[in-house]
Amino acid sequence: MGNFHCFYSLTVKALIRDRLVHIFSLVVATVFLLIPVFSMFSMRQVQELSITLCLSAISFILLIFTILSGASSVWRDVEKRYTASILGLPVSRAEFVLGKFSAIAVLIVASAIIMGFVSCLVITLITLRYPADIPVNWLNLFVAVSADALKYVMLLSIALLFSTMSTSFFLPFFASISVYFAGNASQEVFDYVAGEYGTTIPFLSRMIIKCVYYVIPNFAVFNMKVQAIYALPLTPAPIFYAILYFICYTGIMLCLSVWSFNRRELV
Amino acid sequence: MHALEIVTLSKRYLGKRLKRVDALQDLSLEVRTGEVFGFLGPNGAGKSTTIKTVMGQIKPTAGHASIFGRPATESSSRLRVGYLPENPSFYEFLTGREYLHFVGKTFSLNNSMITEQSEHVLELLELTHAADRPIKGYSKGMVQRLGLAQAMLHDPDLYVLDEPMSGLDPLGRALVKEIIKNLKKQGKTIFFSTHITADIEVVCDRVGIIAKGRLMAVDTVENILQSGVEGYQIQVSRHGHVEELLVAKDRLKEFMAELVTSDAVVERIEPKRKDMEAFFLDIVSKEKHSAQ
Ligand SMILES: Nc1ncnc2c1ncn2[C@@H]1O[C@H](COP(=O)(O)OP(=O)(O)OP(=O)(O)O)[C@@H](O)[C@H]1O
Ligand SMILES: [Mg+2]
């Protein structure tokens, strides 16, 4: 695993020097400049609205960054034949895949931290102008942003798996977007089927829905936004559950990615 | 233990619409430590397929390869190897020097060693002026030179080069031949593929000829050139009058005996031989006939 670090810094360099990433950062900066303006459109609950806007902006920006960087990672190096020279060095393919993953993951977390920090500034500015009845619960805000970051790192592992199997942008891009939407809806569908309505559908269908529920990721686990927006109390149990779920699911995806890339022929 | 050992290697590609291509069939050869081995074959013969298998990039359908006794499937087998892939391509956003740094790190060289070695190989391949420019702006020949530079960076014992002269200008070709000769003097082993017969004659100790995925011949270059002698061109002068004679190989002794009894003087004897190219074309056309 000694070469893991080489691939890590290589991927960080690749992303930092990417023109698209530069343009994207400019867009992000503009979005955060616009949030105070939009918050003021609402006459009541300006603080709640600003928190909602910040959290949504962070979520959406991380989603785009994750999908674009994850879906264009491994296959592109293969198609551009960089791997022909890179994997002729005494490195293993696992190091290559895991180094790439960690670099993008670290950048996701770093962007989340930066955007979280900017959000704090924006929200503070707004509450100074329009004081609300309930003070902002900064800890909840921190937890909500962290959970979001975990969610996207997990999504990254899924995009990476698709990317190791693909020879073009389309499969990993559309597959991970589909998984993302399915993963956001899965909890609702499951609750619906598990409830009263479930007794009216055939047993087999119920079992299939249950299986699918356990295979596709459940992103609802990472949703702690409501607690942040309305400063509601947070209990530790869901947080621990989210962390555990993240570790298991991401771990499995990474193992599958390494396995799939190990089997790939580099012609 | 040989530097490189390839044992009954076969590779079948599954192409589009399940069309199968037998790129390699039962190929066995060994490259001995300290020799320069040329791997000669026409386009599509299977040279690159062999080399990719040796470097662990594709899995053979049957057979196996080992480098200094270690199976080619292990990444550590490549520690003593400098590899130049066919038409290499390197991360475009890095500069040449940064790429060399990356390569050095994967061989666990320390920073001062990497700096020193980078300087050395960049100078050797005449790339110093471009070392701090992004690879994106390199010409084809410059990329090829960088490919050779990164293969030499960690001073490996075995070089595996897939068409090292491709894309280079005549100066570059001459330089690479010079480098190969120097590496041989240092006791390094070199295995390289090419379809240019003249290069083989100049630098190789042994040559393997591959056509349609089969190894057709393996021999020393010396033997091949010797066996290709068809006759001798002899220049004799008689009473100040010079003439050229062509004498068949088996008639030479007889001819010389006759010559001694006459008053002619031998000015020059030159073997007339088929060169490597003729030998190569012979083998490839034989394989074509046998296939028909
Ligand atoms: N990915 C692939 N899928 C299907 N067939 C392939 C693939 N790669 C190579 N081949 C076939 O395998 C055979 C050997 O190809 P290879 O690249 O090893 O030839 P080569 O000797 O290196 O030729 P060249 O001198 O042109 O580089 C060819 O017939 C080629 O069509
Ligand atoms: Mg080739």
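Below is a summary of the structure that appears in this document. (Residues numbered from 1 in each chain as written. Chains lettered and ligands numbered in written order. Predicted model: local features only at pLDDT ≥ 70, side-chain atom pairs only at ≥ 80, totals over all residues. Heavy atoms only, no water.)

1. Observations concerning the site of ligand 1
- In the vicinity of ligand 1 there are 15 residues, among which B:Gly44, B:Lys47, B:Ser48, B:Thr49 and B:Glu86 approach most closely.
- Residues close to ligand 1 are split across chains A and B.
- The separation between an oxygen atom of ligand 1 and a polar side-chain atom of B:Glu86 is 2.6 Å.
- For ligand 1, the protein covers 70% of the area, taking 640 Å² as the surface of the free molecule.
- At three residues, helix H1 (residues 47-54) of chain B tops the list of elements feeding residues into the shell around ligand 1.
- Looking at the shell around ligand 1, its residues break down into six nonpolar, six polar and three charged. (Near = heavy atom within 4 Å. Polar contact = N/O pair within 3.5 Å; in protein donor to acceptor, adjacent residues only side chain to side chain. Areas by Shrake-Rupley, 256 points an atom, 1.4 Å probe, with all protein chains shown as cover. Helix = DSSP H or I, 4+ residues; strand = E, 2+ residues; numbered from the N terminus. Nonpolar A, V, L, I, M, F, W, Y, C, P; charged D, E, K, R; others polar.)

2. Examining the sheet that holds strand S6 (residues 81-84) of chain B
Residues and elements named next belong to chain B.
- The strand order S6-S7-S8-S3-S9-S10 describes an open sheet built from six strands, whose pairing is mixed. Strands at the two margins of the open sheet, each flanked by one partner only, are S6 and strand S10 (214-220). Sheet twist, expressed as the mean angle between neighbouring strand axes with direction ignored, is 15 degrees.
- Of the strand pairs in this sheet, S6 and strand S7 (residues 158-162) are connected by four bridges, and their pairing is parallel. By the bridge assignment, Leu84 is partnered in S7 with Leu161. (Pairing = 2+ DSSP bridges. Axes fitted to C-alpha atoms, helices over the stretch in contact; angles between N-to-C directions.)

3. Comments concerning the environment of A:Tyr245
Residues and elements named next belong to chain A.
- Positionally, Tyr245 belongs in helix H11 (residues 236-262).
- When its relative accessible area of 17% is taken as the criterion, Tyr245 is described as buried.
- When residues no more than four places from it in sequence are discounted, the contact partners of Tyr245 are Met154, Ile216, Pro217, Asn218, Val221 and Phe222. (Buried < 20%, exposed > 50% of the residue type's maximum accessible area, 1.4 Å probe, protein only. Contact = heavy atoms within 4.5 Å.)

4. So, the coordination of the magnesium ion (ligand 2)
Residue and element names in this part refer to chain B.
- At the metal site, the magnesium ion (ligand 2) is ligated by Ser48 (OG) and Glu86 (OE), and these contacts range over 2.0 to 2.2 Å. Placement of the pair is Ser48 in helix H1 and Glu86 in the loop between S6 and helix H2 (96-106), with a sequence separation of 38 residues.
- Judged by relative accessible area, Ser48 falls into the buried class, the value being 13%. (Donors = N, O, S within 2.8 Å, 3.2 Å for Na, K, Ca; no water.)

5. Looking at helix H5 (residues 170-185) of chain B
Residues and elements named next belong to chain B.
- With 16 residues, H5 should cover 22 Å at 1.5 Å per step; its first-to-last C-alpha distance of 23 Å lies within 8% of that length.
- Those residues of H5 lying buried are Gly172, Leu175, Val176, Lys177, Ile179, Ile180 and Leu183.
- In the core, the buried residues of H5 are packed alongside strand S3 (36-40), helix H3 (111-124), helix H4 (140-152), S7, strand S8 (189-194) and helix H6 (197-203).
- Count one or two residues on from H5 and you reach Gly187, which has phi positive near 85 degrees. (Expected span 1.5 Å × (residues − 1).)

6. Digging into the pattern of salt bridges
Residues and elements named next belong to chain B.
- Scanning the entire structure with this criterion turns up 22 salt bridges over all chains.
- The salt bridge partner of Asp22 is Arg12, with a shortest N-O separation of 3.0 Å. Taken together, the residues span a long stretch of sequence, with Asp22 in strand S2 (residues 20-31) and Arg12 in strand S1 (residues 4-14) at a distance of 10 residues.
- Its salt-bridge partner being Lys188, residue Asp155 comes within 3.1 Å of it at the nearest N-O pair. On the criterion of sequence distance, the pair formed by Asp155 in the loop between H4 and S7 and Lys188 in the loop between H5 and S8 is long-range, its members being 33 residues apart.
- Its relative accessible area of 41% is what places Asp155 among the partly exposed residues.
- Residues joined by salt bridges that share partners form a network here, namely Glu30, Arg32, Glu35 and Arg206. (Salt bridge = Lys/Arg side-chain N within 4 Å of Asp/Glu carboxyl O.)

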